[in-house]
Amino acid sequence: MSAYSMPDKKGHFGRFGGIFVAETLMRPLEELTNAYEKYIKDPDFLQEFDDDLKYYVGRPSPLYYAAGLSRQYGAQIYLKREDLNHTGAHKINNTIGQALLAKRLGKSRIIAETGAGQHGVATATVAARLGLECVVYMGADDIERQAPNVYRMKLLGASVVAVESGSRTLKDALNEAMRDWVTHVDNTFYIIGTVAGPHPYPAMVRDFQAVIGREARQQILEQAGRLPDALVACVGGGSNAIGLFYPFIDDDAVAMYGVEAAGDGLATGHHAAPLCKGKVGVLHGNRTYLMEDTNGQITETHSISAGLDYPGVGPEHAWLKDSGRANYVAATDSEAMSGFHDITRLEGIIPALESSHAVAYSKILAAELGKEGIMIINLSGRGDKDIQTIARIDGVEI
Amino acid sequence: MSRIEKRFESLGKSGRKGLIPFITAGDPVTDITVPLMHAMVDAGADLIELGIPFSDPMADGPVIQKANQRALAHGTSLHDVLDMVKQFRRKDATTPVIFMGYLNPVEAMGYDEFVEAAQQAGIDGLLVVDLPPEEAGELNELLYQRDIDPVYLLSPTTTPQRMEIVSLEARGFVYYVSIRGVTGSAELDYDEIQQSINEIRQHTRLPVGVGFGINSPERAVKIGQHADAVVIGSAIVKMMENYNGDKQRVINAVSGFLHSVRDALDAISKS
Ligand SMILES: Cc1ncc(COP(=O)(O)O)c(C=O)c1O
C-alpha cells in the first residue's frame, strides 16, 4: 500500500492545489470529479484505456540505454522514449484518458489549450478518432513558432483559435479555453494538457500519465537489475515529470529532478521557472508557485520552448518541492540547445526542445552520480516541430 | 449593520430597484476613477462595483479584459485602488463600494494587510471571482470581523445544494450571473433568470442582484422586475474605449446612460 496519498478530497496537496474558479464552473468540476473518481476504478474503463494506449499509441514505450550519451556525460543514462508515442509526445496518454471520460459523460465538443502544439495535436487526434468537434486555443506567438503543429491540428479537423490577449502564449490560451468552457459547459469537455488547473485536473492528468513511470520502473528493474538513482524530466506544467515520478514516489532512494526553463538565465528575470524563482499565489484554478510581480500580476515568461513557457506549475510539484521529495532546477535556452545537439548527434534521436532541458541537466547530474550511477531521463517528445526554431537559432536557412 | 445592508433596506422601503454600475479602477487613466464614481452616484447609482485590475481576468469577456489591460498599462495596483476609494469617501460616506476582482493580487498583499487597508479605505464588500466559499474560510473570518461583506456569485449551474453553502458565507447581497458565460455576453433567458431568482430566494434572505449581459434600459427593466438590483458592467466599460483625453466627455456619456437606466428602473417601481 502506498504511503503517499495526495491530494485530499478537495484536491489539496498540502497548502497547494484546490479549486479556485468562478461559480459557473463549480458544478461542472464536481461532475468531472465524480466521473473521474468512478471511472479510474472501473475495470471496463481501465481496460479500454490500456487497449488504446497499446494499440493506438504504441505503448509500452521503450526504455533505451543511451550508450553514447552515457559515455559522454559519465553516468548510466536511460531514456524513456515518450517521443515514440503516436503524435510524438507524452501528451497523448492524457488526452486518450480524458477523451474516454468525455465520451462517457456524453459531451459532443472538446476544447483544449496548447503551447507547443503537442497537446493540441494529441487532442485533435483523439477528437478525430471519436468524431467529436474540437477547438484548440493557442497563443498567437506560439502559433508562429509552432507552425507545423498548427497545420497538423487543422488537417485533423480541429479549429485553432489564435489568442491575442495578454502575453499571447500558453497562459493566455488557458484563460481563453476557460472562458469557452464557462460559455459552453453543457456540451463541452475541457481537456487540460498538464497537471495544472482546478481539482480534479492535477490528480486526473497525473493518473493518466503515471503509465510512464509504471512502465519505466518495471523496465529499469529488468534491464539494470535495480532502481535508478535519479529521474530527470522537464517541467512546464509538469505532466511528463509527474507521470515519471509518481510511481517512484515511495522509493525513497530514487532522487527526482524537475528541470524548469531558465530562459536567458535565472538571474536575468527572463525565464519560466516558478519553482526555482517564483512566489506562492493563485492562477488558473489552483494555488501554486507563480511568476508574478509584487502586486500579484502574472509576469511574462521567457523560454525557447513553447511547451515550458508557462508562469505556473502543477500544485503537486509545488508540494513535492516544499516537502523536499523532489528537486527543482533549471536549464537555460543555450544549455537546452547543447543538450539538443548532444543527443541528436550521439544517439540519433532528435528531441523536443522541452525534453532537451532535461537532457541538459542530466549532464550536470551525471557528474554528481558518477559512472555507476543510473538515471532515467524522460524524453517527453520528439523534435520535428522545433526544427525551424533550431535552424533559426543556429543561423541556418531551411 | 453594514453600509450594503442599510442601502438595500432603504431601497426596499422606498420600492426602488438598486442600480449597481461596474467600472475597472484606473481605466483608462488613474484620475478619472474617483470623479466617475461621484458622477455615477449623481446619475442614480445605489452601490458601486469597482474592479481591481488583474493580468489574467479569466471570467471576463473582451471588453473588461481590455479595461484590465488599459489599467495595468499604467501600473494600477491594489494599493492605488484602495487610495481611490479613500478619496471617494472624502465626499461620499454613504454609497457602498464593492471590490470585484481576482484572488492573486489580494494574496500578494496578504489577507491581514488587505482587509485592514480595505476597512480603512471604506470598502463595504468584496467579490473575489475565483474564490469559491469552500476556499474562503480564512479570508471571510477577517472580513466578518471588520464588517466587510463577502459577496458571492450564483450562476445557472449552481445547484440548490450549493446555494445553501454559498448563502452560509454570503453577506450583503448575492449576485446572480444571468448567463453561462463571461461578462458582456449577449443573450439573456428571462424565464430561466426568473426561475433562478425564485429558487435563490428559497435559500437566502439576502437581496439578489443580477448582472452579466445587461446593457440597456430595456434589459435592466426586464431583470429589475424580479431582482432587487441590476449590475451593469461591460456596457459602461465599453465607453472607455472611446477615451480621447477628454475625461469629462466619457463621464458625461456614462452619466447619460445611467440616467436612462435609472429612469427606466424607477418606472417599474412606480407601476
Ligand atoms: C514534448 C513536451 N514535453 C514537455 C512539455 C511540457 O509539459 P509538461 O510539463 O506538462 O510535461 C510539452 C508541452 O507542450 C511538450 O510538448
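Cut-offs applied
- Residues numbered from 1 in each chain as written.
- Chains lettered and ligands numbered in written order.
- Predicted model: local features only at pLDDT ≥ 70, side-chain atom pairs only at ≥ 80, totals over all residues.
- Heavy atoms only, no water.
- Near = heavy atom within 4 Å.
- Polar contact = N/O pair within 3.5 Å; in protein donor to acceptor, adjacent residues only side chain to side chain.
- Areas by Shrake-Rupley, 256 points an atom, 1.4 Å probe, with all protein chains shown as cover.
- Contact = heavy atoms within 4.5 Å.
- Buried area = accessible area lost by both parts, 1.4 Å probe.
- Salt bridge = Lys/Arg side-chain N within 4 Å of Asp/Glu carboxyl O.
- Patch = residues over 30% accessible without salt bridge, like charges linked within 9 Å, V, L, I, M, F, W, Y side chains within 5 Å.
- Lys, Arg positive; Asp, Glu negative; His and termini not counted.
- Charge placed at Lys NZ, Arg CZ, Asp CG, Glu CD.
- Helix = DSSP H or I, 4+ residues; strand = E, 2+ residues; numbered from the N terminus.
- Pairing = 2+ DSSP bridges.
- Axes fitted to C-alpha atoms, helices over the stretch in contact; angles between N-to-C directions.
- Parallel < 35°, antiparallel > 145°, perpendicular 65-115°, else oblique.
- Left-handed = near helix turned anticlockwise from the far one by under 90°.
- Nonpolar A, V, L, I, M, F, W, Y, C, P; charged D, E, K, R; others polar.

**Concerning the site of the ligand**
Residues and elements named next belong to chain A.
Link 1 in the chain: Near the ligand lie 18 residues; those nearest to it are Thr 194, Gly 236, Gly 238, Ser 239 and Ser 380.
Link 2 in the chain: Between Lys 91 and the ligand, the recorded distance is 3.1 Å, taken from a side-chain N or O atom to an oxygen atom.
Link 3 in the chain: Separating an oxygen atom of the ligand from a backbone N or O atom of Gly 236 is a distance of 2.7 Å.
Link 4 in the chain: A total of 390 Å² of accessible area belongs to the ligand in isolation, and the protein chains cover 98% of it.

**A look at the interface of chain B and chain A**
Link 1 in the chain: At the junction of the two partners, chain B supplies 35 residues and chain A supplies 38 residues.
Link 2 in the chain: Across the chain B to chain A interface the summed buried area is about 2,900 Å²; carbon plus sulfur atoms make up 49%.
Link 3 in the chain: Our count for the chain B to chain A interface comes out at 4 salt bridges.
Link 4 in the chain: The partner of Asp186(A) in a salt bridge is Arg180(B), and the shortest N-O contact between them spans 3.3 Å.

**What about a negative patch on the surface?**
Residues and elements named next belong to chain B.
Link 1 in the chain: Judged by side-chain charge, Asp 112, Glu 113, Glu 116 and Glu 138 come together as a negatively charged surface patch.
Link 2 in the chain: Broken down by element, the negative patch gets its largest block of residues, 3 residues, from helix 6 (residues 111-121).
Link 3 in the chain: Inspection of the secondary structure puts Glu 116 in helix 6.

**Some thoughts on the sheet that holds strand 11 (residues 279-283) of chain A**
Residues and elements named next belong to chain A.
Link 1 in the chain: A sheet is described by the order of its strands in space; here 4 strands give the open sequence 1-2-12-11, paired in antiparallel fashion. Of all strands in the sheet, those bounded by a partner on one side alone are strand 1 (12-13) and strand 11.
Link 2 in the chain: The pairing of strand 11 with strand 12 (residues 285-290) spans 5 bridges and is antiparallel. When the sheet's bridge partners are listed, Lys 279 is paired in strand 12 with Leu 290.

**A short note on the packing of helix 1 (residues 26-39) of chain A against helix 9 (residues 201-209) of chain A**
Each packed pair of helices is defined by two parameters, the angle between the axes and the distance between the axes.
Residues and elements named next belong to chain A.
Link 1 in the chain: Interaxial distance between helix 1 and helix 9 falls to 11 Å at its minimum, and their mutual angle equals 30°. The pairing of helix 1 with helix 9 is recorded here as roughly parallel in orientation. In the packing of helix 1 onto helix 9, the handedness of the crossing is left-handed. Between helix 1 and helix 9, the residues in contact are Leu 29, Leu 32 and Tyr 36 and Tyr 201, Ala 203, Met 204 and Asp 207, respectively.
Link 2 in the chain: A breakdown of the residues in the contact of helix 1 with helix 9 according to their chemical character gives 6 nonpolar, no polar and 1 charged.

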